[in-house]
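Next come the chains, spelled out residue by residue.
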Amino acid sequence: MSRSIVEIGGRRLPLTNLEKDLYPPYGFTKAHVLDYYRRIAPVILSHLKDRPLTLKRYPDGVEKDYFFEKRCPGHRPAWLKTADLVRDGGERMTVCLVNDLETLIWVENLASLELHVPLAKAVSPKTPDSIVFDLDPGEGANVLDCARVALILRGLLLEWRLAGFVKTSGRKGLHLYVPLNRKEATFDETKRFSKAVAVVLEKNYPDLVTSRMAKEFRKGRVFINWSQNDASKTMVSVYSLRAGEKPVVSFPLSWRELENASERGDPDKLRVLHSEAVRRAGKSGDLFRQVLTKKQRLPHP
Amino acid sequence: MAMQGIWSGTISFSLVAIPVQLVRAIEPGRVSFRMLHSADYSPLRRKMFCPEEERIVSPEEIVRGYEIGPGRHFLITDEELESVSPERSRTIEISEFIDLREVDPIYYDHPYYLVPEKGGEKAYRLLAEVMERTGKAGLARFVLDEREHLVAVRSAEGVLALITLHYAGEVLPAGDILAAGGQIDALEKGRMKKEIKKRMSRFDPDAYADGRRKSLLDLLKKKAKERPPVEAPAAEGEETEGPADLIAALQKSMRKLKEDR
């Protein structure tokens, strides 16, 4: 097993198996993964900060078994920031907080290709910072159908004076975030709202949208997964890699980009590879910044 | 017939490699039941319980142990387990041919069919036909579900079937069962032979059926006619679409949005 030591922020980190190909169909080693996260760190860190991390580890690459790890591994270095959560069953759990580059690199050395975080911070696990509409195409539907749904959703949200931000899932879908960033927000409220929106869209566009999880409703339609608005759920973080054939990133899009892709019927524009992600983030900065800062209130009819 | 493939790859023999899918050959006809909570008819789930701490243990807290004595185990990690698991097979490579009649049926484990995939139909037909004509079965080693199996591939009515075989070490010796006893009378032997001859028939699988399964299904049909099924309470958040006023307000916005277009 190869080993090398890097020094980041005054911490010495041993890195292992750097030459291991983690995306064998494409050719992308652990060294490439670490390099991607190092370069994307300036934009991803604020989205991971203070949120309990769920690791999704692929120790032998994307073609082999993976596992989720909600607990912060016991062999973590002493300096690593953690939080103690109390789970629904009353049992305590220590989680990793990825607040700096050294933690991000330590986590990636565990081959956690994907980084998943909840909609709430560790100190306020019952307070969602945003609402998410997880647009998931069923069999026979694609990302362009999701783009149509996202654009309709955006129009509906604007009627309610709510700004939304969209990112690719890095797989086949899109994630639309509506920032709230208010202490009084509750998951009860965000779930009720997102479900009502999903139901109304389904009624108006029955051939395009479903609000129901069951497979038979999802064929050829986009499932608006409102149930992600829950304290126990996590979403893949913006700028996280996804495990798949290629190192594709969950990447933010401007509404203009989404409209253009939708008009041209060009799904490739909605798939952002690692290198393009680094380039675009370097050029335009963090398109998802306002998800963390914009304060909005859900209107009560 | 749409069948769910369990595995896909190629079957190869000398210079031919045929793309195939492995599908189930048996659909167990078992009628299965779910355990419900008698109070509200919710389907019950299994949880892991630690008798020492008297609490339910979450999946992250569970590790694997190999028992060597009461309360004494060796720990085995996922990585260690994986390190001894064979690589998944991509081909079923027939190394030799045998006469299947030489194989004691006690070695037969589980049957599957091999279905040709696009582009492999012609080569598949050729192999199936030749194997059927010669009456031979191919032997191969094949990894399925992280286990390496010895398999026999045979052909019947133009279809290739695959049977996983038990390893010799898994078959318990019959020798231990051999009954002791004195001489057997030739007259008795002859009489028994005659009895057997009198009852000879052809094996007709259609003539037999699982009687209990049929009775159970009849019973369920009868129940369906008599009264509606019991229902579990709706899952949380599933029961309603949402507050009527919120839905109405959203619907109003939606109408406005559509008109503006």
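Everything below is about the structure printed above this text.
A brief report on the enclosed structure follows. (Residues numbered from 1 in each chain as written. Chains lettered and ligands numbered in written order. Predicted model: local features only at pLDDT ≥ 70, side-chain atom pairs only at ≥ 80, totals over all residues. Heavy atoms only, no water.)

### Considering the interface of chain B and chain A
In this assembly, 25 residues from chain B lie in contact with 26 residues from chain A. One can count one salt bridge joining chain B with chain A. Here A:Glu159 ties to B:Lys256 by a salt bridge, and the two come within 3.2 Å at their closest N and O atoms. For the pair chain B and chain A, the interface holds four residue pairs in polar contact (both at pLDDT 80 or more). Of all the secondary-structure elements, those providing two or more residues to the side of chain B that touches chain A are α1 (78–84) and α5 (244–260) of chain B. Per-element tally for the side of chain B that touches chain A: the top contributor is α5(B), with 12 residues. Of the residues assigned to the side of chain B that touches chain A, the class counts are seven nonpolar, five polar and 13 charged. (Contact = heavy atoms within 4.5 Å. Salt bridge = Lys/Arg side-chain N within 4 Å of Asp/Glu carboxyl O. Polar contact = N/O pair within 3.5 Å; in protein donor to acceptor, adjacent residues only side chain to side chain. Helix = DSSP H or I, 4+ residues; strand = E, 2+ residues; numbered from the N terminus. Nonpolar A, V, L, I, M, F, W, Y, C, P; charged D, E, K, R; others polar.)

### A closer look at the sheet that holds strand β3 (residues 54–57) of chain A
Residue and element names in this part refer to chain A. Taken in spatial order, the four strands line up as β4-β3-β7-β13 in an open sheet, and their pairing is antiparallel. Every other strand in the sheet has two partners, leaving β4 (67–69) and β13 (235–236) as the edge strands with one partner each. In this structure, strand β7 (residues 114–117) lies alongside β13, joined through two bridges in antiparallel fashion. Looking across to β13, one finds that His 116 is bridged to Val 236. (Pairing = 2+ DSSP bridges.)

### Focus on the nonpolar core
By size, the foremost hydrophobic cluster in this structure holds 52 residues, and its most contacted members are A:Tyr36, A:Tyr37, A:Ile40, A:Leu53 and A:Leu104. Contributions of two or more residues to this core are made by β2 (11–16), α1 (30–48), α2 (101–108), β7 and α7 (274–284) of chain A. Examining the composition of this core, we find that 10 residues originate from one element, α1(A), more than from any other. Each of two domains, domain 1 (3–117) and domain 2 (130–293) of chain A, supplies a minimum of three residues to this core. Setting aside its immediate chain neighbours within four residues, A:Leu53 contacts A:Leu48, A:Glu69, A:Lys70, A:Cys96, A:Val98, A:Val107, A:Leu115, A:His116 and A:Val117. Membership of the second largest hydrophobic core comes to 47 residues, among which are A:Leu144, A:Leu153, A:Tyr205 and B:Leu257. (Core = buried A, V, L, I, M, F, W, Y, C linked by side-chain atoms within 4.5 Å. Buried < 20%, exposed > 50% of the residue type's maximum accessible area, 1.4 Å probe, protein only. Domains from an automatic or database assignment.)

### Points about the packing of helix α3 (residues 143–159) of chain A against α5(B)
The contact between α3(A) and α5(B) brings their axes to 9 Å, and the two run at 115 degrees. Looking at the two axes, α3(A) sits roughly perpendicular to α5(B). As α3(A) runs across α5(B), the sense of the crossing is right-handed. Here A:Ile152, A:Gly155, A:Leu156 and A:Glu159 of α3(A) come into contact with α5(B), specifically with B:Leu250, B:Ser253, B:Met254, B:Lys256, B:Leu257 and B:Asp260. Split by residue class, the contact of α3(A) with α5(B) holds five nonpolar, two polar and three charged. (Axes fitted to C-alpha atoms, helices over the stretch in contact; angles between N-to-C directions. Parallel < 35°, antiparallel > 145°, perpendicular 65-115°, else oblique. Left-handed = near helix turned anticlockwise from the far one by under 90°.)

### Things to note about empty space enclosed by the protein
All names here are of chain A. For the coordinates displayed, the defined rule picks out one cavity of 30 Å³ or more. Its volume calculated, the largest cavity comes out at about 170 Å³. In terms of lining, the largest cavity is formed by 16 residues, of which the most central are His 47, Arg 51, Val 117, Tyr 177 and Val 291. Secondary structure elements with two or more residues in the lining of the largest cavity: β13 and α8 (289–293). A per-class count over the lining of the largest cavity returns 10 nonpolar, three polar and three charged. Taken domain by domain, the lining of the largest cavity gets at least three of its residues from each of domain 1 (3–117) and domain 2 (130–293). (1 Å grid on protein atoms, 1.4 Å probe; cavity = no way out; pocket = protein on both sides within 12 Å on 5 of 7 lines; lining within 4 Å. Points joined across faces, edges and corners; volume = space filled by probe spheres on them.)

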